[in-house]
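Below are the chains, spelled out letter by letter.
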Amino acid sequence: MSEMTYRDALNLALKEEMRHDPSVVVLGEDVALYEGAFKVTRGLLSEFGEERVKDTPISENTIIGVSVGAAMGGLRPVAELMTVNFALLAMDQIVNHMAKIRSMFGGQTCLPMTIRMPGGGGSQLGAQHSQSLETYFMHCPGMYVLYPATPADAKGLLKSAIRNNNPVIFLEHELLYNSKGEVPDDPEFLVPIGKADVKRAGEQVTIVAYARMTILALQVADELASSGISCEVVDLRSLTPLDDETILTSVRKTGRAVVVEECWRTCGLGAEIASRIHEQCFDILKAPVKRVSGLDVPMPYSRKIEKLCIPQVETITQAVMDVMSDNY
Amino acid sequence: MEAQLRKVAPDQELLKFYDQMFISREFEERCAEQYTKGHITGFLHLYSGQEAVAVGATAGLHRDDYILSAYREHAQAIVRGAEPRRVMAELFGKATGLCKGKGGSMHLFAPDLNFMGGYAIVGGQFPISVGLAFAARYRGEDRVAACFFGDGAVNQGTFHESLNWAQLWQLPVLFICENNFYGIGTEVHRSSALASIHKRTCGYDIPSEKVDGMDVIAVYRAVKYAAEKVRETGRPYFIEATTFRFRGHSMADPGKYRSAAENDMWKARDPLPNYANRLIVEGIATRAALDDIEARCRTTVDEAVTFAEESPWPEDREIWEDIYV
């Protein structure tokens, strides 16, 4: 084990996979010479050269289209979109092409490609740079969607994504890049796609979360433990495919669930997960599933009010107290 | 132009051009018939009139070169070598179709033939072609990616992004614009500020050429030259082939936006009878020999329709297959 940041864990995953497989190429805006807007691609150009680490024009739709073509032609591209917000410029290639090609061509090809995208709010970047669009990708079949919370999962999941023969949307939370954690040293350490992780075992309430929301949920669970409330924290890690089994097993044990999502509430992944829990566990639920969500507003800039738009420790704590309450 | 065919290609090749153009036409006309019978459903965009482009261009490429196209791509797939019966079965939505009945008319795909797909979002194939060219160069493969598209696609962002990218990265992409002058019902000068499409590449310093897309020999020579240039320089090249579709945009379009005079002018330039005439005049084929070719093509298409009719539908469980590896 080594302690490292989420950023360095991602960087190490990229380096290891590029060493492991010469068909892995990295492309994106400012990923080579500048080493990435968030420095996740630091050192790649010097180690792997300009044929494998490619700066691209600011043409997001074409970054993805070129990756699709490269994947079809035998490479294993890892594209970086500078932030998830810019993925909206590439939605045609992501949704209409990448996610469809294998199916509409009758399974005659596959697209082993990964799109990395930093995302999430909380840095006072304003409405156009603070979005959490995970649900947009989850809605579309034909690709996987991953979103790690810890450095170890970041490394193990990114390596799995790169080795996987399906297209993978790989989200990274901008506020987690500097977070630290223990990461296994084994270059064959992989985190399986489609497996949620019980990050903390508990008895009375299941908190389902992902990415930065998992970190907040763990903090809530810590604090509530001292008040005698035992929370189990399920970290989704894979948003597509969703690990129903782990979620439902936990809820069957605790009988209560709070789903925490950074994205907008309406049609968010919280609604999907709450619905699945209600469909599968209605009989044993001690309280209706509660959602803690990003507010349905374009993100304001000012830090005083931006905070109110994103789930916080206090709002998650309140939601747990609500589902524990006899009156809820 | 007369008496030059033998300087361009051997007789056998010249006759193959006619064969391929004829089967393309015959295939499309039978598709129209099968559509009116309700055997083919959904969108159906026919290629009749544009055959010289697919045939001439494909002949000018190597077999290892990639071909990508839009949604009017039956002829490109067949000329590249896809079995007409499997293409017809695909249009019928049958399990024996080229893509197991999951793609349909607009999404043919045959990777064993390096036919890398029909794409139905206008301009979607541009960046994918660039990516295939990048992969080919990266892997040290001698391949050109030939990207076919219509005049309507040149106003998409992906057109400009991909031209810029192909030149910037010096990739072997051959852009082939089939300018049939109409994007559905909008004539090219009503959608493009510069209607002379091949001139648009100057902003990216990509050499370009305009060619008569009703003349299979002209297209063949232009594409052969262009593909060799791409191979030689490792850089993109651009061809605009002017042509005309004799039918509407799709089966749903009666084509009322074009005048009878315009249609007649282009009908007189029909690539099939004109080329047949040249073959006869230059002594490469007799009328009887061409009749034989035509009869064989008709039989092939008849068999394709029968095969499609008799083929099984996809199993219900196929819904969940082929999405993830």
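Preceding block: the structure.
Attention here is on the structure that accompanies the text. (Residues numbered from 1 in each chain as written. Chains lettered and ligands numbered in written order. Predicted model: local features only at pLDDT ≥ 70, side-chain atom pairs only at ≥ 80, totals over all residues. Heavy atoms only, no water.)

Comments concerning the sheet that holds strand β10 (residues 205-209) of chain A
Residues and elements named next belong to chain A.
- As summarised here, the arrangement of the five strands in space is β9-β11-β10-β13-β14, forming an open sheet in which the pairing is mixed. The open sheet is flanked by β9 (197-200) and β14 (290-294), the only strands paired with a single partner. Within this sheet the neighbouring strands show an average axis-to-axis angle of 25°, counted without direction.
- Sheet topology places β9 next to strand β11 (residues 231-235); three bridges connect them, and they run antiparallel. Each residue of the ladder has a partner; that of Asp197, found in β11, is Asp235.
- This element, helix α8 (residues 211-225), spans β9, β10, β11 and β13 (257-264) of the sheet and lies at about 170° to β11. (Pairing = 2+ DSSP bridges. Helix = DSSP H or I, 4+ residues; strand = E, 2+ residues; numbered from the N terminus. Axes fitted to C-alpha atoms, helices over the stretch in contact; angles between N-to-C directions. Contact = heavy atoms within 4.5 Å.)

What about the packing of aromatic side chains?
- This structure, assessed with the given rule, holds 22 aromatic pairs over all chains.
- Ring geometry for Tyr6(A) against Tyr177(A): centres 5.9 Å apart, planes inclined by 65°, an arrangement best described as edge-to-face. Taken together, the residues Tyr6(A) in helix α1 (residues 6-20) and Tyr177(A) in the loop between β7 (168-173) and β8 (180-183) connect sequence positions 171 residues apart. As far as the burial class goes, Tyr6(A) and Tyr177(A) line up, both buried.
- Counting every residue linked through ring pairs, the aromatic cluster contains Phe126(B), Phe149(B), Phe159(B), Phe175(B) and Phe238(B). (Phe/Tyr/Trp six-rings, centres within 6.5 Å; stacked < 30°, edge-to-face > 60°. Buried < 20%, exposed > 50% of the residue type's maximum accessible area, 1.4 Å probe, protein only.)

Topic: the pattern of salt bridges
- Summed over the entire model, instances satisfying the criterion amount to 44 salt bridges over all chains.
- For Arg163(A), the salt bridge identified is with Glu17(A), shortest N-O distance 2.8 Å. With Arg163(A) in helix α7 (residues 151-163) and Glu17(A) in helix α1, this residue pair connects regions lying 146 residues apart in the sequence.
- On the basis of relative accessibility, which here comes to 24%, the residue Arg163(A) falls in the partly exposed class.
- Close ionic contact of Arg231(B) with Asp65(B) constitutes a salt bridge, the shortest N to O distance being 2.7 Å. In this pair, Arg231(B) sits in helix α9 (residues 216-233) while Asp65(B) sits in the loop between α3 (51-59) and β1 (66-69), placing the two residues 166 residues apart along the sequence. (Salt bridge = Lys/Arg side-chain N within 4 Å of Asp/Glu carboxyl O.)

Comments concerning the side chain of Asp153(A)
Residues and elements named next belong to chain A.
- Relative to the elements of secondary structure, Asp153 occurs in helix α7.
- Of note is the side chain of Asp153, whose polar atom sits 2.6 Å from the side chain of Lys199.
- Apart from the residues lying within four places of it in its own chain, the contact partners of Asp153 are Pro148, Leu158, Val191, Lys199, Asp235 and Arg237. (Polar contact = N/O pair within 3.5 Å; in protein donor to acceptor, adjacent residues only side chain to side chain.)

Description of the packing of helix α2 (residues 11-36) of chain B against helix α12 (residues 287-310) of chain B
Residue and element names in this part refer to chain B.
- Where α2 contacts α12, the axes come no closer than 9 Å and their chain directions differ by 40°. Relative to α12, the element α2 lies oblique. Once α2 is placed against α12, the crossing between them reads as right-handed. Side by side, α2 and α12 meet where Leu15, Tyr18, Asp19, Phe22, Ile23, Glu26, Phe27, Arg30 and Gln34 of the first sit next to Arg287, Leu290, Ile293, Glu294, Arg296, Cys297, Arg298, Thr300, Val301, Asp302, Val305 and Glu309 of the second. (Parallel < 35°, antiparallel > 145°, perpendicular 65-115°, else oblique. Left-handed = near helix turned anticlockwise from the far one by under 90°.)

Describing α9(B)
Residues and elements named next belong to chain B.
- In this model, α9 (18 residues) spans 25 Å end to end at C-alpha, consistent with the 26 Å of a helix rising 1.5 Å per residue.
- For α9, the full list of buried residues reads Val216, Ile217, Ala218, Val219, Tyr220, Ala222, Val223, Ala226, Ala227, Val230 and Arg231.
- Gly234 lies just past α9 and shows a positive phi near 70°. (Expected span 1.5 Å × (residues − 1).)

Quick look at the environment of Gln170(B)
Residues and elements named next belong to chain B.
- On the secondary structure map, Gln170 appears in the loop between α7 (157-168) and β4 (173-179).
- Linking Gln170 and Tyr182, residues 12 residues apart in sequence, is a C-alpha distance of 31 Å.
- Contact partners of Gln170, with chain neighbours within four places excluded, come to Arg137, Trp165, Gly234 and Arg235.

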